[in-house]
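Breakdown of the fold
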Amino acid sequence: MTEPIINTSALREPRNRQLLIIVGVVILALLVALAIWQTSGTHGAKRDLANANDKVASKQAEVDDARRVLDQKLSELRVVRAEADAQATKLGGEVARDVRGAVDDGRLGTDNAVVAEPAPEYYVRDRDGRFVRVTRP
């Protein structure tokens, strides 16, 4: 029982000792290379680039959704504006009919003289969609 468990006779030979030293140095070099690779900037940069690409993809999806909603709202606005233009044209025709009757009937004053009343004014849309003041003589 006094014999050692580890056989050290192989370590006494120079050839075996050199081989073990070389194996130990290679393992140590691999561990150092692995540690440097893990802490190097390129490994972290790759991870950061992947995260940035994920963020860009999610923001692009948000932009696409916002653009779709904007297009939908613009189309709804065009429909409402077309309806408002139709109503304004209809109202403009009715106002013109009413104004024409008031102008023709209400110009005579006393002594058959024409009273200088200001001409009635109303607004209609021109072909560009702007309101234009119109007076009837």
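Residues numbered from 1 in each chain as written. Predicted model: local features only at pLDDT ≥ 70, side-chain atom pairs only at ≥ 80, totals over all residues. Heavy atoms only, no water.

Comments concerning the overall build of the protein chain
Threshold: Runs of E in the DSSP output that reach at least two residues are strands. Runs of H or I that reach at least four are helices, and both are numbered from the N terminus. Each residue's exposure class comes from its accessible area (1.4 Å probe, protein chains only) as a fraction of the maximum for that residue type: buried when under 20%, exposed when over 50%, partly exposed otherwise. Any two residues whose heavy atoms approach within 4.5 Å are treated as being in contact. For accessible areas, the Shrake-Rupley method is used with a probe of radius 1.4 Å. Any residue's cover is judged against the shown protein chains and nothing else.
Along the protein chain, the regular secondary structure elements total two helices and two strands. Reading the secondary structure of the protein chain in the N-to-C direction produces α-α-β-β. Expressed as a percentage of the 137 residues in the protein chain, the buried residues total 6%. Counting contacts in the protein chain only where the partners sit at least 6 residues apart, residues at least 24 apart contribute 27% of the total. As presented, the protein chain carries roughly 12100 Å² of accessible surface, and 61% of it is formed by carbon and sulfur atoms.

Notes on a nonpolar patch on the surface
What counts here: By definition, no residue in a patch forms a salt bridge, and every one has over 30% relative accessible area; like charges are joined within 9 Å, nonpolar side chains (Val, Leu, Ile, Met, Phe, Trp, Tyr) within 5 Å. By salt bridge we mean one thing: a side-chain nitrogen of Lys or Arg within 4 Å of a carboxyl oxygen of Asp or Glu.
Residues Leu-19, Val-23, Ile-27 and Leu-31 make up a contiguous nonpolar surface patch of roughly 370 Å² in combined accessible area. For Leu-31, the position within the fold is in helix H1 (residues 14-39).

A short note on the pairing of strand S1 (residues 121-125)
Quick note on the threshold: Following DSSP output, two strands are said to pair if at least two bridges run between them.
Both S1 and strand S2 (residues 131-135) contribute to a ladder of five bridges, which runs antiparallel. Within the sheet, the bridge partner assigned to Glu-121 lies in S2 and is Thr-135. Once S1 ends, the chain turns through five residues before running back antiparallel as S2, passing Gly-129 with a positive phi of about 90°.

Considering the confidence of the model for the protein chain
Rules: Each residue carries a pLDDT value, the predictor's own confidence for that position, ranging from 0 to 100.
In this model, the protein chain carries a mean pLDDT of 78, and residues with pLDDT of at least 70 account for 70%. Of all the helices and strands in the protein chain, S1 carries the lowest mean pLDDT, 77, while H1 carries the highest, 88. A low-confidence stretch, residues 102-110 (pLDDT under 50), is modelled with 13 contacts involving residues beyond four sequence positions or located in other chains.

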